[in-house]
Structure formats: C-alpha cells, structure tokens
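Structural characterization, general
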Amino acid sequence: QVQLVESGGGLVQAGGSLRLSCAASGRTFSNYIMGWFRQAPGKEREFVATIMQSGGRTYYADSVKGRFTIARDNAKNTVYLQMNSLKPEDTAVYYCAADLSWRRYCATAVYEYDYWGQGTQVTVSS
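Residues numbered from 1 in each chain as written. Predicted model: local features only at pLDDT ≥ 70, side-chain atom pairs only at ≥ 80, totals over all residues. Heavy atoms only, no water.

Details of the pairing of strand β8 (residues 78–83)
Let me state the cut-off plainly: Here's how the labels work: a residue is buried when its accessible area is under 20% of the maximum for its type, exposed when over 50%, partly exposed in between, all with a 1.4 Å probe on protein chains only. Strands are runs of DSSP state E lasting at least 2 residues, helices are runs of H or I lasting at least 4, and numbering of each runs from the N terminus. Pairs of strands are assigned from DSSP output, requiring at least two bridges between the strands.
Judged by how many residues are buried, β8 sits mostly within the fold: five of six residues are covered. Pairing between strand β3 (residues 18–24) and β8: six bridges, direction antiparallel. Residue Leu-20 lies in a different strand from β8, and its bridge partner there is Leu-81. Note that strand β7 (residues 68–73) and β8 share six bridges and pair antiparallel.

Structural notes on the nonpolar core
Across soluble globular proteins, you tend to see nonpolar side chains buried next to one another. Inclusion rule: For this analysis, a nonpolar core means a set of buried residues of the types Ala, Val, Leu, Ile, Met, Phe, Trp, Tyr and Cys, connected via side-chain atoms within 4.5 Å.
Formed by 37 residues in total, the largest nonpolar core has its most connected members in Met-34, Trp-36, Leu-81, Met-83 and Tyr-94. Counting only elements with at least two residues in this core, the list comes to β3, β4 (33–39), β5 (46–51), β7, β8, β9 (92–99) and β11 (120–125). Take this core: its biggest share by element is five residues, from β9.

Thoughts on the state of the cysteines
Here is the rule we go by: The term disulfide is used for any two cysteine sulfur atoms that are within 2.5 Å.
Under the counting rule described, the total for this entry stands at one disulfide. Take Cys-106: it sits in no disulfide, and the sulfur closest to it among the cysteines is that of Cys-96, at 17 Å. What makes Cys-106 buried here is its relative accessible area of 13%.

Overview of the packing of aromatic side chains
The geometry of two aromatic rings is summed up by the distance between their centres and the angle between their planes. Applied cut-off: Side-chain rings of Phe, Tyr and Trp, where Trp is taken by its six-membered ring, are said to pair if the distance between their centres is within 6.5 Å; with planes under 30 degrees apart they count as stacked, over 60 as edge-to-face, and otherwise as tilted.
By the definition in use, this model includes six aromatic pairs. A ring pair is formed by Phe-47 and Tyr-59, whose centres lie 6.0 Å apart and whose planes are at 25°; its orientation type is stacked. Separated by twelve residues along the polypeptide, Phe-47 in strand β5 and Tyr-59 in strand β6 (residues 58–60) bring together distant segments of the chain. Judged by its relative accessible area of 12%, Phe-47 falls in the buried class.

Points about the pairing of β7
Burial along β7 is one-sided: Phe-68, Ile-70 and Arg-72 are buried, while Thr-69, Ala-71 and Asp-73, pointing the other way, are not. The turn joining β7 and β8, which pair antiparallel and follow one another in sequence, is formed by four residues; a positive phi near 55° is taken by Asn-77.

Topic: the pattern of salt bridges
Quick reminder of the rule: By definition here, a salt bridge exists when the distance from a side-chain nitrogen of Lys or Arg to a carboxyl oxygen of Asp or Glu is within 4 Å.
Taken as a whole and assessed by the stated rule, the structure comprises six salt bridges. Asp-90 is the salt-bridge partner of Arg-38, the closest N and O atoms lying 2.9 Å from each other. Within this pair, whereas Arg-38 is found in strand β4, its partner Asp-90 is found in the loop between β8 and β9, the two being separated by 52 residues in sequence. Using a relative accessible area of 0% as the deciding quantity, one classes Asp-90 as buried. Residue Arg-67 is joined to Asp-90 by a salt bridge in which the shortest nitrogen-to-oxygen separation is 2.8 Å. Pair noted here: Arg-67 is in the loop between β6 and β7 and Asp-90 is in the loop between β8 and β9, with a separation of 23 residues, a long-range link.

Remarks on the sheet that holds strand β1 (residues 4–7)
Strand pairing within a sheet occurs via backbone hydrogen bonds; the two strands may be parallel or antiparallel. Going by this rule: Axis definition: a line fitted to C-alpha atoms, limited for helices to the stretch in contact. Angles are taken between N-to-C directions and run from 0 to 180 degrees.
With antiparallel pairing, four strands are arranged side by side in an open sheet as β1-β3-β8-β7. Two strands bound the open sheet, and with one partner strand each, they are β1 and β7. The average angle at which neighbouring strand axes cross in this sheet is 15°, direction not considered. Here β1 pairs with β3 via four bridges, running antiparallel. Residue pairing in the sheet places Val-5 in a bridge with Ala-23 of β3.

By themselves, these are just geometric observations and shouldn't be taken as functional.
See below:
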C-alpha cells in the first residue's frame, strides 16, 4: 500500500508561480514512476508530467512544457511540480500518482497509475 499526500496548492495571479509537493509512504519510493495529473471542473483528469525512477527522464504535456518542471528527491520520498508562468486555464485539482509497474516508458494514461493522492486545488486568477 502506498499513500500519497499533496501540498502546496493555492490561489495565485496569472503569471505567478507555485510549487506542489507530494510525499509518499513506503520504503521503495525510488522504484516508483511518479506522475502529476489535473482535473478541472466538468473535465476529465489529464496528464501533466511524469518522472522515471532515477529522475533522469521526464515527460510533459504540451500544454505545460517549458513552464512546469517535475523533480523528485528519493531520499525524502517526495516528488515536486514547479509551476511557473501560470495561466487561468491551469486552474484545477492537481493529483500526484505512483506507477509501480517497472515499465520502461513514461506513462501518461490515468489507468497506468496504481495509487493516487487526494489532490490539491490550484486556482489562477486573471
């Protein structure tokens, strides 16, 4: 069983920045592929970013590429999402997720992730 707890959400003006954190339980965090997803009201949950176990490989949705950065600290069992140049369309509940499958590619589909956090609200005002 893996527990994920997100933090760092809030209200920010357009153009501002936020850093989300996701703390994971378990002794094998370094074995997990970690991802960030988001869900806006009335929309499906969508992929944002993912990072492989060692942190050496990352992948981003086109909508956030160049603005968001995913990183992990395996010693702290934590994954981060640095969000810069935020836009009103970034407003959503942001979820972190863990993929325990040992796949060798960056997973971007909801069904490919095994555990989810409770989410943290990010609101960007115009």
